[in-house]
Amino acid sequence: MSKISIIGSGVSGLLTGLGLLKQGHDVTIYSALSADDWLTKVPPTGTACRFGTSLDLERSLGVNHWEDSTPIEGIHLTFCPKMGRQLIDLMGRLDKKALAIDVRLQSHRWTHDFEERGGRVHVESVDVPRLEEIAASSDLTLVAAGKSDIGKIFEVDKSRSVYDKPQRNLAMFVIKNVDMDRSNDGVPFEYGIKFNFFATAGEQFSIPYWHKDGYQCWNALFEARPGGIFDKFDDCKTGEEVLVRVKELFKQYIPWDYAWIKNAELADPKGWLKGSFTPCFKKPVGTLPSGAKVMAVGDMANSLDPIGGQGANNCYRQIRVLLDAVENNTAGQYSEEWMNATFDHFYETIGKDTNAFNNLLLEEITPAAQRILISQYGSDGRADNHSVHQRVANAFVDNFDDPTTFTSQMLVPEKALAFMNEVSGGKAGRIDIANKLKIGKGQIRQLIGLPRSDHPLARMRP
């Protein structure tokens, strides 16, 4: 049994702690927030959508308390090359249902779960001198949260990081008084994620969400390209001001979803965020002034832009690798080499693909991804649809759950072509031509003010 300390009682810190307790270790979590503080003092830390494989980790630890709250069945994406004009819709059905649970509620409940199972929680702010004391009395110290001084002990890994500045300016808002069921919008899921991608402005997405106060609502986000037409939130000082700006942007640029959001209200006074950060990898080992080594976990080790819904899922993937490495470390020696090897294993097995997929969504569309989107044109998301179009759409959305399954097909043209020939019986070229003609017809109809009747589920609404 090892004595392990964890800094932070967010999702990463608590799930890691619960997993280590299950292995029989002596675990203490240090956090600036108590269980009740999570419910009353802070905003949600993000949309925190967890896909099916991530939820399996919660199930294995017996902390899956919200299984039937708002099960997400699929994803509807709309791609717009120009503002106000829809080009392609994709409706993919997930193989495993996803969930988005308010992290404030989860941290509250999981803190109690952790203590009931024998873990200790110390409510205090941890700075570098205090971290020195904690590390000196622990076999392994994991840092899943911390103020800027702690964050600085983990250097950016420039060899693995793609960006050196923020790629989007973010505005998140949790809303109620909107329909949970979007089937009236032509979406065949009772609960589905809705993405709107704009080539020049950024992105907007909305996720069915279980609120900390125990009801269904939506967590939504604008991802604004810096200086673009969605970058309108700098002067907003309150959540209400953010929501007013949101509705203005929907009315002008996303009219097909304006009727859905026009009566929305902020779900709670703290249910909003705005800001920006740089997606990056950190070196997983931090060296304290004394020379002691501590290990980064979760977002502290690898932060991603929210665009692909990979943040929380990426943390879960790290946790799985970490728990396996601790369990197999029978000697209980947690050296710098062990820490680096553990994180390297995460990076090589899934972390690299996760970041590649997420970054793909931040950039201009690749030729390979363009082929995939054209090939799936006509997908409708129905469970009984086994067409080539639907199989392609489903493969795309299931990549959100496991980015090792389909990322390369969206990056490498030869792999995209091979995949399409595989699922279509060698008819990739024929499908390409037919769908390009349908897409062109839809664009012409929009230019002359008609709805895109060639795609039955993509309707323009006032």
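You'll find the structure just up there.
Worth saying up front: this structure is predicted, and the values here are computed from it rather than measured.

Turning our eyes to something else, we now look at the layout of surface pockets. In this model, the second largest pocket occupies a volume close to 590 Å³. Around the second largest pocket, the lining is made up of 25 residues, and of these F79, A199, E364, I365 and L373 lie nearest the centre. Breaking the lining of the second largest pocket down by element, the ones donating at least two residues are β4 (72-80), β9 (192-198), α10 (336-362), α11 (367-375) and α15 (428-447). If you tally residues by element for the lining of the second largest pocket, the top one is α11, at four residues. For the lining of the second largest pocket, a count of residues per class yields 17 nonpolar, two polar and six charged.

Turning to the packing of aromatic side chains, a few remarks are in order. Inspection of every chain in the model, using the stated rule, returns 21 aromatic pairs. Ring pairing ties together the aromatic residues F51, F79, F195, F197, F205, F357, F396 and F400, which thus form one cluster. Directly above the aromatic system of Y347 lies the positively charged group of R160, at a separation of 4.0 Å from the ring centroid.

This part takes up unusual backbone geometry. Of note in the backbone geometry, A48 takes a positive phi value of approximately 50 degrees without being a glycine. Within the secondary structure, A48 sits in the loop between α2 (35-40) and β3 (49-50). A48 gets classed as buried once you look at its relative accessible area, which sits at 13%. Even without being a glycine, N177 presents a positive backbone phi close to 60 degrees. Tracing the backbone through its elements, the reader meets N177 in the loop between β8 (169-176) and β9. Its relative accessible area of 49% is what places N177 among the partly exposed residues.

Spatially, six strands are ordered β6-β2-β1-β7-β16-β15 in an open sheet, and the strand pairing comes out mixed. Edge strands, defined here as strands with exactly one partner in the open sheet, are β6 (120-123) and β15 (285-287). Ignoring which end each strand starts from, the neighbouring axes of this sheet average 25 degrees apart. Those strands touched by α10 are β7 (140-143), β15 and β16 (293-296), and its axis lies near 10 degrees from that of β16.

Further remarks concern the pattern of salt bridges. Tallying each qualifying case throughout the model produces 23 salt bridges. Measuring nitrogen to oxygen at the nearest pair gives 2.6 Å for the salt bridge that ties R59 to D56. Residue R59 and its partner D56 are both found in helix α3 (residues 52-61); the two are separated by three residues, about one turn of the helix. For D56, a relative accessible area of 29% gives the class partly exposed. The closest approach of N and O atoms between E155 and K283, which form a salt bridge, is 3.8 Å. Of this pair, E155 sits in the loop between α6 (148-151) and β8 while K283 is found in the loop between β14 (280-281) and β15, placing the two residues 128 residues apart along the sequence.

Running from N to C, α11 and helix α14 (residues 413-424) point in directions that differ by 25 degrees, and their axes come no closer than 8 Å. The orientation of α11 relative to α14 falls into the category roughly parallel. In this structure, α11 contributes A368, R371, I372 and S375 to the contact, and α14 contributes P413, A416, L417, F419 and M420. Residue composition of the contact of α11 with α14, by class: seven nonpolar, one polar and one charged.

Moving on, we come to the environment of G192. Take G192: it is sitting in strand β9. On the basis of relative accessibility, which here comes to 7%, the residue G192 falls in the buried class. A C-alpha to C-alpha distance of 27 Å links G192 and V42, two positions 150 residues apart in sequence. Residues within four places of G192 in sequence aside, it is in contact with I72, G74, S206, P208 and W218.

When you tally the buried positions in β9, you get seven out of seven residues, the bulk of the element. Because side chains alternate across β9, one face comprises the buried residues G192, K194, N196 and F198, and the other comprises I193, F195 and F197, equally buried. Pairing between β4 and β9: seven bridges, direction parallel. Bridge pairing in β9 links L77 to F195. Here β9 runs beside strand β10 (residues 202-210); their pairing, made up of five bridges, is antiparallel. Its bridge partner lying in β10, F198 is registered against G202. Connecting the antiparallel pair β9 and β10 is a turn made up of three residues.

About the thresholds
Residues numbered from 1 in each chain as written. Predicted model: local features only at pLDDT ≥ 70, side-chain atom pairs only at ≥ 80, totals over all residues. Heavy atoms only, no water. 1 Å grid on protein atoms, 1.4 Å probe; cavity = no way out; pocket = protein on both sides within 12 Å on 5 of 7 lines; lining within 4 Å. Points joined across faces, edges and corners; volume = space filled by probe spheres on them. Helix = DSSP H or I, 4+ residues; strand = E, 2+ residues; numbered from the N terminus. Nonpolar A, V, L, I, M, F, W, Y, C, P; charged D, E, K, R; others polar. Phe/Tyr/Trp six-rings, centres within 6.5 Å; stacked < 30°, edge-to-face > 60°. Lys NZ or Arg CZ within 6 Å of the ring centre and 35° of its normal. Buried < 20%, exposed > 50% of the residue type's maximum accessible area, 1.4 Å probe, protein only. Pairing = 2+ DSSP bridges. Axes fitted to C-alpha atoms, helices over the stretch in contact; angles between N-to-C directions. Contact = heavy atoms within 4.5 Å. Salt bridge = Lys/Arg side-chain N within 4 Å of Asp/Glu carboxyl O. Parallel < 35°, antiparallel > 145°, perpendicular 65-115°, else oblique.

What is shown is where atoms sit, not what they do.
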